[in-house]
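Okay, here's what each chain looks like letter by letter:
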Amino acid sequence: MNESMPTTMKSSFASVLPKFQAPRIKRKYLRQYSWLPDVFRIKGSIIGRIVGPVITVTLFATLVTVAWSKGYKLVLTNSIVPLLSVVVGLILVFRNSTSYDRYWEGRKSFAGMTSNIRNLSRQIWVNVALPPADQDVKGKSSLTPITAAQLRRRKTETLQLCLSFAFAVKHYLRGEDGITWEDYRGVLPASFARYDDATYGHKIDAFESYAATRNTSLEAPTHGAATSGQATPISGRTSPEIINITKGDATKRVRPKRSKQKFGQSTPLLSGSHQTVDFFPDASLPLPLIIAHELTRMLFYFRREGLLETVGPAGTNAMNVLVQSMVDQLTAMERVANTPIPVSYGIHLKQCVTLYLFALPLTLVNDLGWTMIPLVTVVAFTFMGIEGIADEIEMPFGDDGGDLPLDRYCHDLKEEINYIIHRLPQMGEGAYGYDDGEGDD
């Protein structure tokens, strides 16, 4: 009884007294005063990429030191290392600068595309408007009468197409075919249609029957489909019979070569000395270009129906220029993705760095002895780290930690477009007054 009293009183006092906890200093604040938070950081560094080669060089340096300690003479002249160091340094500098140029060009192109999407979305949301009810557009008549609610739906779908262009570019640059990706949900408009050679002139739903853009690698055929030659998508819906799913994807992966040449039969007149080339007629189109085509068609529709009279032909041309600039930015990013650094250059760089690092222990072992091992490890970590960073950022459109955060860019753009659609007024709604051109009198 008496032994439990101090424990009870102690717990009661602990519940009454405030709890003091040492403040937790975040790493971003420590960076302002010291490098240590980043010096001892493993996550996000290049260590995981080069740990194998660095350990290999360290083991070789250890073997050289052990052989030297047992009396073997494995010493090279000091004139070799300076010659190799100059060559390796120049190659590494050029390699790193070239890779960062590709990284920066990818970021600049994606930012330019984002700016064009923002400008086009704002202009469509504000400038596309119904003509006044008491005024007819001179020389024009609407082919199909449209209400304000219908116009708002059309404008919403057009803004969704602008947003879909950014998501389609992201997946296209990453080589992710089809429109079955989860982030397309709520982005691609439900009425988005396309024309292919199997259903030319017939609208098909974006999520139901996009055979030419479907990711065939994600489709698992069922037992019945395997026997009948039809595949079932991962959503469980069967594809329509009118679509041939054996054809290539419309959103082709980013490849160095898009076309294939098939050498067929020999020309009879030239006997066996010449062969003809058979060109495949079933070509396809990347999804971003399909979306750009639909955007151009929507601008044509708005202009034809007299819904762009507030800006006139000059404003319509400016919107078309924005769509053209979006395609230009796509082509610039495609150039980065389709033009890798030559393989021979990367191989030669690795060979030069390896030769330098393997010659370094043979040069320093006689002067430094066992202390040469950590020194060679540090040098290997430095040189291989520079090459590893260049190798990581030369393709900036992937999903690695060092690549461009395209997912975040697209998500931020999605929030902006949704804010425009749901919160900002369209046309002249909420304007302060009206100027009839008669002056203040």
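Just so it is clear, the model here is predicted, and its values are computed rather than measured.

Once that is clear, we can look at the packing of aromatic side chains. Under the defined criterion, the tally for this structure stands at 6 aromatic pairs. Ring centres of phenylalanine 110 and tyrosine 409 lie 5.9 Å apart, and the angle between their planes is 40°; on these two criteria the pair is classed as tilted. Of the two residues, phenylalanine 110 sits in helix H5 (residues 80-127) while tyrosine 409 sits in helix H12 (residues 406-423), which places them 299 residues apart along the sequence. The same class applies to phenylalanine 110 as to tyrosine 409, namely buried. Taking NZ or CZ as reference, arginine 107 lies 4.1 Å from the ring centre of tyrosine 409, over its face. Lying over the aromatic face of tryptophan 125, lysine 155 brings its terminal NZ or CZ to 5.1 Å of the ring centre.

Right, let's get into the nonpolar core. Leu120, Phe165 and Phe302 are the most contacted members of the largest nonpolar core, which totals 54 residues. Element by element, the count of residues in this core is highest for helix H6 (residues 148-173), at 12 residues. The residues touching phenylalanine 302, leaving out its near neighbours within four places in the chain, are Ile124, Val128, Leu151, Arg154, Lys155, Thr158, Leu307 and Leu308. The next biggest cluster of nonpolar side chains, apart from the first, holds 27 residues, and it includes Ile46, Leu84, Leu349 and Val379.

A separate point is the confidence of the model for the chain. Taken as a whole, the chain shows an average pLDDT of 75; of its residues, 66% reach a score of 70 or greater. Under a pLDDT of 50 for its full length, residues 273-281 has, in the predicted model, 18 contacts with residues more than four places off or in other chains.

Where H6 contacts helix H9 (residues 312-338), the two axes come as close as 11 Å, and the packing angle between them is 15°. As the angle between them shows, H6 and H9 are arranged roughly parallel. Between H6 and H9 lies a crossing whose hand is right-handed. Residues Phe165, Val169, Tyr172 and Leu173 of H6 form the contact with H9, whose own contacting residues are Met326, Val327, Leu330, Met333, Glu334 and Ala337. Grouping the constituent residues of the contact of H6 with H9 by class yields 9 nonpolar, no polar and 1 charged.

Attention now goes to the pattern of salt bridges. On inspection of all chains with the given rule, the structure shows 13 salt bridges. The closest approach of N and O atoms between aspartate 391 and arginine 49, which form a salt bridge, is 2.8 Å. Placement of aspartate 391 in helix H11 (residues 372-393) and of arginine 49 in helix H4 (residues 47-69) is noted, with a sequence separation of 342 residues between them. Taking the relative accessible area as the measure of exposure, aspartate 391 reaches 28% and is therefore partly exposed. Classification of arginine 49 as partly exposed rests on a relative accessible area of 41%. Residue arginine 335 pairs with glutamate 105 through a salt bridge whose shortest N-O separation is 2.2 Å. Taken together, the positions of arginine 335 in helix H9 and glutamate 105 in helix H5 put the pair 230 residues apart, joining distant regions of the chain.

Moving on: the environment of valine 187. Counting through the fold element by element, valine 187 comes out in the loop between H6 and helix H7 (223-228). Residue classification places valine 187 among the buried positions, given a relative accessible area of 0%. Sequence separation between valine 187 and serine 164 is 23 residues, and the spatial gap between their C-alpha atoms is 5.8 Å. Setting aside residues no more than four positions away along its own chain, valine 187 makes contact with Gln160, Leu163, Ser164, Phe167 and Lys414.

Rules used in this analysis
Residues numbered from 1 in each chain as written. Predicted model: local features only at pLDDT ≥ 70, side-chain atom pairs only at ≥ 80, totals over all residues. Heavy atoms only, no water. Phe/Tyr/Trp six-rings, centres within 6.5 Å; stacked < 30°, edge-to-face > 60°. Helix = DSSP H or I, 4+ residues; strand = E, 2+ residues; numbered from the N terminus. Buried < 20%, exposed > 50% of the residue type's maximum accessible area, 1.4 Å probe, protein only. Lys NZ or Arg CZ within 6 Å of the ring centre and 35° of its normal. Core = buried A, V, L, I, M, F, W, Y, C linked by side-chain atoms within 4.5 Å. Contact = heavy atoms within 4.5 Å. pLDDT = per-residue confidence, 0-100. Axes fitted to C-alpha atoms, helices over the stretch in contact; angles between N-to-C directions. Parallel < 35°, antiparallel > 145°, perpendicular 65-115°, else oblique. Left-handed = near helix turned anticlockwise from the far one by under 90°. Nonpolar A, V, L, I, M, F, W, Y, C, P; charged D, E, K, R; others polar. Salt bridge = Lys/Arg side-chain N within 4 Å of Asp/Glu carboxyl O.

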